[in-house]
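What follows is each chain in one-letter form.
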Amino acid sequence: MKLALAQLAIEEGDVAGNVDRACAAVARAAEAGADLVVLPEIFNVGYFAFDRYREAAEPLDGQTFERIAAAAADHDVAVLGGSIVEDLAATESAPTPADAGLANTQALFDRDGTRLAVYRKHHLFGYESAEAELLVPGEELGIAAFEGFTVGMTTCYDLRFPELYRDLAAAGVTLVLVPSAWPYPRVEHWQLLPRARAVENQQYVATCNGSGSFDDATLLGRSTVFDPWGTILASSDDDPTLVTAEIDPDRVAAVREEFPAWRDRRR
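Below, the structure is looked at part by part. The model shown is predicted, which means the values in this text are computed figures rather than measured ones.

Reading the values: the criteria
- Residues numbered from 1 in each chain as written.
- Predicted model: local features only at pLDDT ≥ 70, side-chain atom pairs only at ≥ 80, totals over all residues.
- Heavy atoms only, no water.
- Helix = DSSP H or I, 4+ residues; strand = E, 2+ residues; numbered from the N terminus.
- Rg over C-alpha atoms; globule rule 2.2 N^0.38 Å.
- Buried < 20%, exposed > 50% of the residue type's maximum accessible area, 1.4 Å probe, protein only.
- Contact = heavy atoms within 4.5 Å.
- Lys, Arg positive; Asp, Glu negative; His and termini not counted.
- Charge placed at Lys NZ, Arg CZ, Asp CG, Glu CD.
- Polar contact = N/O pair within 3.5 Å; in protein donor to acceptor, adjacent residues only side chain to side chain.
- Phe/Tyr/Trp six-rings, centres within 6.5 Å; stacked < 30°, edge-to-face > 60°.
- Lys NZ or Arg CZ within 6 Å of the ring centre and 35° of its normal.
- Patch = residues over 30% accessible without salt bridge, like charges linked within 9 Å, V, L, I, M, F, W, Y side chains within 5 Å.
- Areas by Shrake-Rupley, 256 points an atom, 1.4 Å probe, with all protein chains shown as cover.
- Salt bridge = Lys/Arg side-chain N within 4 Å of Asp/Glu carboxyl O.
- Pairing = 2+ DSSP bridges.
- Right-handed = clockwise from strand over helix to strand, strands pointing away.
- Core = buried A, V, L, I, M, F, W, Y, C linked by side-chain atoms within 4.5 Å.

Turning our attention to the overall build of the protein. Looking only at helices and strands, one finds seven helices and 15 strands in the protein. Taking 2.2 N^0.38 as the reference for a compact globule, 267 residues should give roughly 18 Å; the C-alpha atoms of the protein span a radius of gyration of 17 Å, in line with that estimate. Considered along the principal axes of its C-alpha atoms, the protein spans approximately 50 × 40 × 35 Å. A total of 267 residues make up the protein; the buried ones form 55% of that total. Counted over contacts in the protein with a minimum sequence separation of 6, partners at least 24 positions apart contribute 69%. Averaging the locations of the 22 positively and 43 negatively charged side chains of the protein gives two centres separated by 7 Å.

Turning to the side chain of Ser-211, a few remarks are in order. Residue placement: Ser-211 occurs in strand β11 (residues 211–213). Ser-211 gets classed as buried once you look at its relative accessible area, which sits at 6%. In terms of polar contacts, Ser-211 uses its side chain to reach the backbone carbonyl oxygen of Asp-238, at 2.7 Å. Apart from residues lying up to four places away in sequence, Ser-211 is in contact with Gln-7, Leu-8, Ala-9, Ile-10, Leu-219, Asp-238, Asp-239 and Pro-240.

Another point: the environment of Pro-249. Tracing the backbone shows Pro-249 in helix α7 (residues 249–258). Between the C-alpha atoms of Pro-249 and Leu-175, which are 74 residues apart in sequence, the distance is 8.3 Å. Dropping the residues within four chain positions of it, Pro-249 is found in contact with Gly-148 and Phe-149.

On to the packing of aromatic side chains, then. All chains considered together, the criterion is met by eleven aromatic pairs. Ring geometry for Phe-149 versus Tyr-204: centroids 5.8 Å apart, planes at 75°, classification edge-to-face. Linking Phe-149 in strand β8 (residues 149–153) with Tyr-204 in strand β10 (residues 204–208), this pair joins segments that are 55 residues apart in sequence. Tyr-204 matches Phe-149 in its accessibility class, with the two residues each being buried. These aromatic residues form a ring-pair network of at least three members: Tyr-47, Phe-48, Phe-50, Tyr-53 and Phe-214. Lying across the ring of Trp-262, Arg-256 places its NZ or CZ 5.3 Å from the centre.

Another aspect to go through is a negative patch on the surface. Among the surface-exposed residues, Asp-51, Glu-55, Glu-128, Asp-215 and Asp-216 lie close enough to one another that they form a single negatively charged patch. As for its placement among the helices and strands, Asp-216 is situated in the loop between β11 and β12 (218–220). Taking relative accessible area as the criterion, Asp-216 reaches 63% and is therefore assigned exposed.

What follows deals with the pairing of strand β9 (residues 175–179). A large share of β9 lies buried, amounting to five of its five residues. Side-chain alternation along β9 places Leu-175, Leu-177 and Pro-179 on one buried face and Val-176 and Val-178 on a second face that is also buried. Relative to β9, β8 runs parallel, the two being bridged by three bridges. By the bridge assignment, Gly-152 is partnered in β9 with Val-176. This β-α-β element, β8 to helix α5 (residues 162–170) to β9, shows right-handed connectivity.

Right, let's talk about the nonpolar core for a bit. Membership of the largest hydrophobic core comes to 44 residues, with the highest contact counts inside it found for Val-37 and Tyr-53. Where this core is concerned, the elements lending two or more residues are β1 (2–7), α1 (15–31), α2 (53–56), α3 (63–75), β4 (84–87) and β5 (102–109). Broken down by element, this core gets its largest block of residues, six residues, from α1. The residues touching Tyr-53, leaving out its near neighbours within four places in the chain, are Ile-42, Val-45, Gly-46, Tyr-47, Val-85, Leu-102, Leu-134 and Leu-135.

Okay, here's the thing in structure tokens:
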């Protein structure tokens, strides 16, 4: 399977322009032969545009995900629509973790635009960020089957909490997708944490970051695909780009057979 990470140029507050760029990236990825495309975290309004979250919030089946689902169907490619700021009170098409409030929400769409899974970010970032003040954390895992893989969904700061990834692995996940908005200067953490998650759970981990600057943060890019051995299959610098890699579901079983650490777990 060919995986594509769309490291988008994200303009703060430019919802229409950012969604246009996302749809164009889906089209380019499909032309390049991608089977599954991943978009960054809160790619439509921009993660660091905290003062615009309320006005940009949408229901799960709102305009942003509607356009992403249409792009998936138009180009016969699955798309993990990064994430949006979801208006929980306005969402009627799926259960929500609260009756009201906002969430950092992903949706995975199949090749025909059908929604396969939803994930709301579990771990809300508090360090120099308003996310924890503005959003409601998710409670459920996001998991779906796609073309030989069991796909798990996590978001950015979740990378610092290995128990979530172990829960996904225990549920049979073989590929974890991580839309993110990871800024400078924490380059070393961005490179270390997903690699550790891949190695310790012997699964693919693919991180999709954005590109661009906000008032007080610059996204560091470096979207990367790690295989179950922790090997980097493809990566980037901090400019807008499309990162692609061929991945194989049989590789997970092969690594776990070659180095059967999972058999030695005590809990």
